[in-house]
Amino acid sequence: MGKNDPKRIPKFYHTLLFLGVRAAAIAFVFFLLFMNYRFAVDLRETNIKNMKAETGQRAALVGFFFADRKDDLINLALSREVSVFFENKALGMSMEYGLGYSLIPIRDRFRDLVKRKKLGSDAVYSRIMLIARNGEILVDTLAATDQKVNRRQLKKLLVPGYRAGEIFTLDGGREIVASLSYFFKDRYAGQIIAWIQPQTLYKNVLGAGGSSHDVYNLVTTKGKTFESVGVTFPPQISGLPNAAALISDETFEFQTLNGEKQSWIGLKTPVSNTPFSMLHLITASHAVGKINPVSLLTTMGLIAFVLLSGAAYTITLHMRAKETIKESERRLSEIIDFLPDATFAVDCEGKVITWNRTIEEMTGVKARDMLGKSNYEYSLPFYGTRRPILIDLVFEADEEIAKKYRFVERKGTILFTEASEVPLNNQNRVLSGKASPLYDNAGNVVGAIESIRDITERKQMEVEKHNLQERLQRAEKMEALGTLAGGVAHDLNNVLGVVVGYTELLLDSAAESSALRPGLVNIMKGGERAAAIVQDLLTLARRGVPTREVLNLNKVIADLQQSPEFESLSAYHPSVRIKTDLAPELLNMAGSPVHIGKTIFNLVSNASEAMAEGGVVTIKTANQYLDKPVQGYDEVQQGDYVVLSVSDTGKGISAVDLKRIFEPFYTKKVMGRSGTGLGLAVVWGTVKDHHGYINVESEEGKGSIFTLYFPVTRESLPAETTAVAVSQYMGKGESILVVDDVKEQRELASEMLRKLNYNVVGVASGEEAVEYLKEHKVDLLVLDMIMEPGMDGLDTYRNVLAIHPRQKAIIVSGFSETDRVETAQDLGAGAYVRKPYVLEKLGLAVRKELEPSA
Amino acid sequence: MEGFLQKDCVKKLVFVLTIVVTMVFTAGVLIAADLKDVKKKGVLRHLGIPYANFVTGAGDGMDIELMNTFAKYIGVRYEYVPTNWKDIFGDLTGEKVKPNGDDIEVLAQVPVKGDVAAAGITVLPWRKKVVDFSVPVFPNHVWLIARADSPVQPIKPTGNIKKDIEAVKKIIAGQPLLGKAETCLDPSLYGLEKITDKIQSFPGSVNDIAPAVIKGKANLALLDLPDALVALQKWPGKIKVIGPVSGRQYMAVAFAKDSPQLRDAFNKFLRKIKNNGAYQGIVKKYYPYVYVYDPEFFKNNK
C-alpha cells in the first residue's frame, strides 16, 4: 500500500479518532468515579437517614412501651380491686377486720399483671407496689422475704403529680420505674409503682430487630455525661461526646477509647413522655461503609488514574508496537527491497506479495506490474513462459520441475539450486536460487520467498580461478621440481667445474700439436655443455637467474642457427624444414642470450620431433604492443613485447597434454635428445626468468604454435668483446685467500691463481677465513658465496670487514648473482665471477680488484 | 312349688323374713356407718349445705372437693347428700337435736342420710355433743357487718380481740341485729341476746344475709369470715365490717360419734393433703385470701 493509496486513512483523522476515543474513555471513567462518589455520599446520607428513621421508630416504640406501662398502672388504678380497698377504707374498715382482706385481690391483680405482662417470654415487670399516702406499703408483689424496702426512698416515690403516670429511674439509673398517683374521690390516696425489667425493655423493644452492630441505650443526661438507664453501657462504648452539646436527631461521631479504636456514629433521640433519650450507636464502618466517600473517591481516583495510566501506557505500547511492527514491516520491506539479491515472495495462492528492486532491475519488470499477480507470472521474465519454478517447490516437491535445474538441494526448509542458460534479458545467465517457506506466529505456512542471484561472472571467475590454480599448481610443481633439480645441479656444477677447470689447465699446458688436444677440447666442450644442462636445471630451480644483458632475438636466432647443436638438430630431422620470419626492426630485450637461445632451440627441437613425417617449423619474431591483457595459456599483461613464436605443422598436442607440457619430465619424446625431459620446462622457466609470458595453441593433427612474449627494453646492444692477453691479468705476488668449502674448487682456484703469480692460501669455510685473517693479512679474498654449513660468503665478508675494514674481495659462485652477492658488493666486494672458473675471467677479476685503475 | 308357697306358715315366715331383712337393711340406714361400713358400701355420703364457698350450690366448693378427695382416699365412691342446717346433724347421727345453750335436746330419731357432714360447719360446744369433729379445717371469725351508709362506724382495732369484741358489743347494744339460729351466726352463742332484744334470725341461706343487709332488711348483721370476705368482694362499698363478735373459731368436718374410724381416716387424710399441698390448693381455690387474712391458722395447722 503506497503512501498515495486513496484507501489510506489520513493520519490526522487517525490521531483525532484516537484522541477522541481516549478522551471519551477518560471522561467516562471520571463520570463513573463521580457517580460512585455521589452514590457513596448518597448511600451514606441514606444510611444516616435510615438510621435516623429507624432510631426514631425505636424511640417511638420505647415511648409506646412506656406509655403502655402507664396505661397498665392506670388500669390497675381503675381496677375494682383497688377501688374496693379504698372504698372499704373510706368506710372506715380496719385492716384487721376486713380492710386487709381487700388488699389481697389487689395483690393478686398486681401479681397477675406481673405474671401476665410479657414481651415474648420476658416479664415486663419485676415488682408492683401500692403505697398508701402515708408511705405504708399496701401491696407488694414481691414475697415478703424478698421485700427490701427503703422507707426513705419510698416516701420520695409518693408524688401526687404523677396523675398520668411517670417514668423515671431509681438507684442511679439502674432501676426503671413507672409511677402513677392514685386518687380516690379526687384525693391523693397513694402511689402505684411498677418496676420495669430493663432487660425486657432492651431485649424486646430497644434492641429488637437490631443487628449486632447496633447499640441502643436509654440514657439520661447529667451535665455533660450520659447516664445509662437500666443497664450499663456496653464495654466497647467509651468516649461519648459532651452530652450537653449534642443535638437530638443529629448524628455525631466519636471514637472509642478502649482497646481497638473504632469510629462510631451516634444518634440521640428523645423518648416521648419520658425523661429518657435513646442513643443509637453504630460503628461508622457499618453505618456508612468502611471508607468515607472522600477517601473512596480519592482511592478510586488513584486507582482509576493508575488503571487509566496503565491502560494508556498499554495502549501506547500497543500502538508503539504496532508502529514498530509497521516500521519493521516497512523496514523489512525496504530491506527486502534493497537486498542485493533479486527477491520476491508469494502467498499460499501463488500471488506475488513482494517484488524488490533488485529483481526489478534483473528482470526489468516493475513491482507494480507484478504485485498481486498469480498464475506463475513471476516465471515469465526468466523463462518466457508460465511455469512452476523453484519457489513452487517450497509448497510441493515436483521431480519434473527439479530436473530443469542443475541441482536442487534441500537444507532444512530451504531449497538451493543453480540454473544455467537462463534466457534473462536475451542473455544466457547462470542463476542461483534460494527459496524458503514463510511462516506466521503459529508456525503455519503463509507463503514462500525466493532470492535469485546472477552468478554468471562468478562462474566465469571460478573457471579462471581454477585455471589460475592449475597454473599455480604447475608453477609450484615446477618450483618444487626445480628446487630439487637445483640442489642436484649445485653439486653437479661443482663436479663440472673441476672437470672444466682442470681440462682448461691441461689445454693450457698442452702444445698446439698435442694429440691430446682434440680430446681435451672435446672434454672441455662436453663439460661446457654439461654445465649448460646444469644451468638448465638451475634455471628451472629459478636459482639460475640469467645474466641480464641487452639482446636481440633476431641475433640470438641467427647465432643459434650457426651453432653445432642446431646443425645436429637439422641433421637429425632431415625432413623438417626450419624457416624464419624475423621482424626487421625487432626491438631489444634484456636477458640471457644463452638461455634464450636454449629456449628457442628446445622449442624448435620439440617442433621438429612433433613432425615425424616432416614438416615446417617456423620461427617468427615481431614487436607487439598489448593494450589489454590477453588470456591464453598465460594471461599476458598489457605492455610492449618482442614476440617469438615457433610453430609447427605436426601432430599437435592434446588438450590434456597441453596443460602439463611445461612440467619437468612430462615428455613423450625419446630420452637423449634434449636429454633430460626438461626442454619445455626450461622454456617455461626461461620465459618466467625474463618476465615474459607464454602461450600455446595446438590442435591435434594440425600443429602447434608456441608464442613467447618478452618485455621490450629500450637499451642498446653492448659492443662485442675480444680475448685478453694473459699478461694483462698476471699477478705481482699479492697474497690471496681462497675461501671455498669444496676442496676441488678451492684447489683449482688456488692453482689457477698461483699460476698467475699470486701467493695463495685456501681455507674451507668462512669461519676459518675469519680466524686466519685475525692473525694474517691478505691482499684479496676470493670468496665462494655459497658455503655450507656455516657462514656464506656475505657473512664471512662482514666478519672480515670487522677485522680488516678495507679488505678487498671478489665473489665466486656457481650460481647466478643473487641479492647477497649484490649486498657483498655493496659492502665493498669486487667482481662476481661465475663458475666454472675460466682463467681469463678469474685473472681479470682479481687484477681489476687489486689494481682498479689498471 | 306353688302349693308350698300357698301354705300360711310359709306366708308368715316370708313376711317375717322380709321385715327382718328390711330391718337389717334399714338398720344400716338408721345406723351411721363407720369406715368399714363405708368401704363395704363403697360410697361415702357427704351431707352438705350450700354455704359460701364451702358448698357453692353449683356442685363445687371447698368441702365438696375435700370430701370427694377423701372418698377416693378411702377407695369409695363419693355421693353428695343435700341437707340444711336444721337437719344436718340428724341426717348424720340419726338424732334430730335442738341446741339449748351449750346443750342439746334430742327431738327425734331420724334416718341417717350421710356418713360425713361438711359445709363450713363451725365447731360449737353444743355441736360437739352431737357429733365428733375432725381436726380444724378452716378458720372462722364472726363479724358484725353493717350497710355501707350505716351510721355505725367500724371499730378501731385495739390489738386485743376481747376488747374489740366488747367494742362491737357496745355498738350492737339495743340495736336490731340479724343472725341465724343454730348456726355460728346465732347471736346467743356470743351473748348478744343479753345486749339487744331485737334479734332476728334470718330465715334464708347464710349466703343471703349480706344481700339482706345491703337491701336494708337489717342494719346490723352477723356474718362469719368466709361469708364476709365473699360479701366484701361481691359488694364492695355496700357493706362494711364493724368488728368482731367472736374470737377465732374453727370449722371442721362432722362425723357421727359412732364413726371414729371414719373420722380418724379423715384426720389422717387431712394431714396427708396438708403435707402434700393438696389441701392448700383446695383452700386457695375457694378462699385464696384466707391465707393472707389468717396465716396463723394455716401455719399452726399444717
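In this convention, every chain numbers its residues from 1, walking through the sequence in written order. Each chain takes a letter, starting from A, and each ligand takes a number, starting from 1, following the order in which they are written. In keeping with the predicted nature of the model, local features appear solely for residues at pLDDT of at least 70, side-chain atom pairs appear and are counted solely at 80 or more, and the whole-chain, interface and lining totals rest on all residues. Each side-chain value is derived from all of the structure's non-hydrogen atoms; neither hydrogens nor water enter the calculation.

> How do you make sense of the overall build of chain B when you look at a structure like this?
A run of H or I in DSSP becomes a helix once it reaches four residues, and a run of E becomes a strand once it reaches two; helices and strands are each numbered from the N terminus. Each helix and strand counted, chain B has 13 helices and 13 strands in total. Contacts were defined at the residue level, with two residues in contact if any of their heavy atoms lie within 4.5 Å. Relative to all contacts within chain B whose residues are 6 or more apart in sequence, the contacts with residues 24 or more apart total 73%. Values of accessible area rely on a 1.4 Å probe in the Shrake-Rupley scheme; residue burial ignores everything except the protein chains shown. Accessible area of chain B: about 14000 Å², with a carbon and sulfur share of 56%.

> I tried to follow the overall build of chain A on my own but got confused; where do I start?
On a plain count of helices and strands, chain A comes out with 24 helices and 32 strands. When accessible area is computed with a 1.4 Å probe and restricted to protein chains, residues below 20% of their type maximum are described as buried, those above 50% as exposed, and intermediate ones as partly exposed. The buried share of chain A, taken over its 854 residues, is 45%. Long-range contacts, defined as pairs at least 24 residues apart, comprise 60% of the intrachain contacts of chain A with a sequence gap of at least 6. Of the roughly 44600 Å² of accessible surface on chain A, 54% is carried by carbon and sulfur atoms.

> Teacher, can you tell me more about the sheet that holds strand β10 (residues 251-255) of chain A here?
The strands making up a sheet associate through hydrogen bonds between their backbones, and the pairing can be parallel or antiparallel. All names here are of chain A. The sheet built from five strands is open, its strands ordered β9-β8-β12-β11-β10 with antiparallel pairing. A single partner strand is all that each edge strand has here, and the edge strands are β9 (225-228) and β10. Each strand of the sheet is rotated relative to its neighbour by a mean of 40 degrees, with strand direction disregarded. By the convention used here, strands pair only if DSSP detects at least 2 bridges between them. Relative to strand β12 (residues 277-283), strand β11 (residues 263-270) runs antiparallel, the two sharing seven bridges. Paired with W264 across the two strands is T283, which belongs to β12. In this fold helix α5 (residues 198-206) packs onto β8 (214-222), β9 and β12, with an angle of close to 125 degrees to the strand it touches most, β8. Each axis is a line fitted through C-alpha atoms, taken for helices only over the stretch in contact, and angles between the N-to-C directions span 0 to 180 degrees.

> When you look at empty space enclosed by the protein in this model, what are you seeing that I'm missing?
Summary: where empty space remains is shown by rolling a probe the size of a single water molecule over the atoms. All names here are of chain A. Cavity: a set of points on a 1 Å grid over the protein atoms alone where a 1.4 Å probe fits but cannot get out. Pocket: an open set with protein on both sides within 12 Å along at least five of seven lines, its lining residues, like those of a cavity, having an atom within 4 Å of a point. Grid points are joined across faces, edges and corners, and a volume is the space filled by probe spheres set on the points. What the rule picks out here adds up to four cavities of 30 Å³ or more. Each pocket or cavity is described by its volume, and for the largest cavity that value is around 100 Å³. Lining of the largest cavity is provided by F382, Y383, I389, Y405, T417, A419, L431, S432, G433, E450 and I452. Listed by contribution, the elements that provide at least two residues to the lining of the largest cavity are α10 (380-383), β16 (414-424), β17 (427-439) and β18 (445-454). The element best represented in the lining of the largest cavity is β17, accounting for three residues. The classification used treats Ala, Val, Leu, Ile, Met, Phe, Trp, Tyr, Cys and Pro as nonpolar, Asp, Glu, Lys and Arg as charged, and all other residues, Gly among them, as polar. For the lining of the largest cavity, a count of residues per class yields seven nonpolar, three polar and one charged.

> What is the right way to look at the pairing of strand β5 (residues 116-122) of chain B in this model?
Consecutive side chains along a regular strand alternate between the two faces of the sheet. Residues and elements named next belong to chain B. Most of β5 is tucked away: seven of the seven residues are buried. With two bridges connecting them, strand β1 (residues 43-48) and β5 associate as parallel partners. For H46, the partnering residue across the bridge sits in β5 and is V116. Sheet analysis places β5 next to strand β13 (residues 249-255), joined by four bridges and oriented antiparallel. Residue I121 lies in a different strand from β13, and its bridge partner there is A252.

> Help me understand the environment of A:K774, please; the structure alone is not making it clear to me.
Residues and elements named next belong to chain A. Looking at the secondary structure, you find K774 in helix α21 (residues 766-775). Looking at K774, the relative accessible area reads 49%, which means it is partly exposed. A C-alpha to C-alpha distance of 8.5 Å links K774 and H804, two positions 30 residues apart in sequence. Polar contact criterion, stated in full: a pair of N or O atoms within 3.5 Å, where within protein one must be able to donate a hydrogen and the other to accept it, and residues adjacent in sequence count only if both atoms are side-chain atoms. A distance of 3.1 Å separates the side chain of K774 from the side chain of E771, its partner in a polar contact.

> Could you clarify how one ought to interpret the packing of α21(A) against helix α22 (residues 793-803) of chain A in this entry?
Helix-helix packing is described using two parameters, namely the angle between the two axes and the distance between the axes. Residue and element names in this part refer to chain A. For the pair α21 and α22, the least separation of the axes is 9 Å and the interaxial angle reads 10 degrees. As far as their axial angle goes, α22 and α21 are roughly parallel. Residues G766, A769, V770, L773 and K774 of α21 lie in contact with α22, whose contacting residues are T796, N799, V800 and I803. For the contact of α21 with α22, the class distribution of residues is five nonpolar, three polar and one charged. Small angles under 35 degrees read as roughly parallel and large ones over 145 as roughly antiparallel, with 65 to 115 read as roughly perpendicular and the rest as oblique.

> Would you mind going over the sheet that holds strand β3 (residues 125-132) of chain A with me for this structure?
Residue and element names in this part refer to chain A. Taken in spatial order, the five strands line up as β4-β3-β7-β6-β5 in an open sheet, and their pairing is antiparallel. The two strands at the open ends of the sheet, each matched to only one other strand, are β4 (137-140) and β5 (166-170). Looking at each pair of strands side by side, their axes are set apart by 25 degrees on average, direction ignored. Bridge analysis of β3 against β4 gives three bridges, and the strand direction is antiparallel. Each bridged residue has a counterpart across the sheet, and for M129 the counterpart in β4 is D140. Contacts between helix α3 (residues 99-116) and the sheet are confined to β3, β4 and β7 (187-196), with β3 contributing the most and set at about 155 degrees to the helix.

> Would you explain the packing of aromatic side chains in this entry?
Working definition: an aromatic ring pair is given by the centre-to-centre distance plus the angle between the planes. For Phe, Tyr and Trp, where Trp contributes only its six-membered ring, two rings pair if their centres lie within 6.5 Å, and the inter-plane angle classes them as stacked under 30 degrees, edge-to-face over 60, or tilted in between. Applying the stated criterion across every chain, the model contains 28 aromatic pairs over all chains. By way of ring pairs, the aromatic residues B:Y51, B:F54, B:W85, B:F138 and B:Y287 are connected into one cluster. By definition here, charges over rings are those cases where NZ of Lys or CZ of Arg is within 6 Å of the ring centre and within 35 degrees of the ring normal. The ring of A:W684 carries A:K688 above its face, with NZ or CZ at 4.7 Å from the centroid.

> How should I be thinking about the pattern of salt bridges in this particular structure?
A pair can form between side chains of opposite charge whenever their charged atoms are brought close. Residue and element names in this part refer to chain A. Every case where a carboxyl oxygen of Asp or Glu lies within 4 Å of a side-chain nitrogen of Lys or Arg is listed as a salt bridge. Taken as a whole and judged by the stated rule, the model has 43 salt bridges over all chains. R69 is the salt-bridge partner of D72, the closest N and O atoms lying 3.0 Å from each other. One end of the pair, D72, and the other, R69, are both in helix α1 (residues 11-78), three residues apart, so they sit about a helical turn from each other. R69 matches D72 in its accessibility class, with the two residues each being buried.

> Looking at this structure, how should I read the environment of A:W684?
Tracing the chain through its elements places A:W684 in helix α19 (residues 679-689). Considering only alpha carbons, one finds A:W684 and A:I694, ten residues apart in sequence, at a separation of 7.4 Å.

> Mind showing me how you'd approach the interface of chain A and chain B here?
It is common to give the size of an interface as the accessible area that goes away when the parts come together. Every contact between the two is made by 17 residues of chain A and, on the other side, 23 residues of chain B. When two components associate, each loses some accessible surface as probed by a 1.4 Å sphere; the sum of these losses over both components is called the buried area. The junction of chain A with chain B conceals about 1700 Å² of combined surface from both sides, 66% of it contributed by carbon and sulfur atoms. Sorting the residues of chain A by area buried against chain B places A:L91, A:Y97 and A:Y101 first, and these three jointly supply 44% of that buried surface. Counting every contact that joins chain A to chain B gives zero salt bridges. For the side of chain A that touches chain B, the secondary structure elements donating two or more residues are α2 (80-90) and α3 of chain A. By residue number, the principal contributor to the side of chain A that touches chain B is α3(A), which donates five residues. Among the residues making up the side of chain A that touches chain B, the classes are represented as eight nonpolar, four polar and five charged.

> What should I look at first to understand the pairing of strand β27 (residues 703-713) of chain A in this one?
Residues and elements named next belong to chain A. Counting buried positions along β27 yields nine of eleven residues, so the element is predominantly enclosed. The pairing of strand β21 (residues 588-591) with β27 spans two bridges and is antiparallel. What sits directly across from N588, in β27, is T713. Note: strand β25 (residues 639-647) against β27, seven bridges, orientation antiparallel. Bridge pairing links L644 to L708 in β27. Of the pairings in the sheet, the one linking strand β26 (residues 693-699) to β27 comprises seven bridges and is antiparallel in character.

> What should I look at first to understand helix α11 (residues 278-286) of chain B in this one?
The α-helix advances 3.6 residues per turn, and as a result positions three or four apart in sequence lie on the same side. All buried positions along α11(B) are accounted for by B:Y279, B:I282, B:V283 and B:Y286. Looking down the long axis of α11(B), one finds its buried residues gathered within 95 degrees of arc, a one-sided arrangement. Read the arc as the range of directions from the helix axis to the C-beta atoms.

> Help me understand the side chain of A:N602, please; the structure alone is not making it clear to me.
Residue and element names in this part refer to chain A. With respect to the secondary-structure elements, N602 resides in helix α17 (residues 593-610). Within the local environment of N602, its side chain forms a polar contact with the backbone oxygen of G679, the two atoms lying 3.1 Å apart. Excluding anything up to four places from it in sequence, N602 contacts G679, V682 and V683.

> What's the story with the environment of A:L773 in this structure? I'm lost.
Residues and elements named next belong to chain A. Position of L773 relative to the elements: it lies in helix α21. Taking the relative accessible area as the measure of exposure, L773 reaches 0% and is therefore buried. Sequence separation of L773 and N799 is 26 residues, and the distance between their C-alpha atoms is 9.9 Å. The residues touching L773, leaving out its near neighbours within four places in the chain, are L737, V778, L781, V800, I803, H804 and Q807.

> Please clarify how a nonpolar patch on the surface should be interpreted in this entry.
A cluster of nonpolar side chains, namely A:F28, A:F31, A:L32, A:F34 and A:M35, defines an oily patch on the protein surface of about 510 Å² accessible area. Positionally, A:F28 belongs in helix α1. What goes into a patch is any residue over 30% in relative accessible area without a salt bridge, connected to like charges within 9 Å or, for nonpolar side chains (Val, Leu, Ile, Met, Phe, Trp, Tyr), within 5 Å.

> Where do I start with the nonpolar core in this structure?
Note on soluble globular proteins: their nonpolar side chains tend to be buried together. A:F66, A:L218, B:M62, B:L66 and B:Y279 are the most contacted members of the largest nonpolar core, which has 143 residues in total. Among the elements that take part in this core, α3(A) stands out by supplying eight residues, more than any other. What B:L66 contacts, discounting residues up to four positions off in sequence, is B:V137, B:F269, B:L270, B:I273, B:Y279 and B:I282. Here, the term nonpolar core denotes a set of buried Ala, Val, Leu, Ile, Met, Phe, Trp, Tyr and Cys residues that are joined through side-chain atoms within 4.5 Å. The next biggest cluster of nonpolar side chains, apart from the first, holds 38 residues, and it includes A:I557, A:F601, A:Y633 and A:W684.

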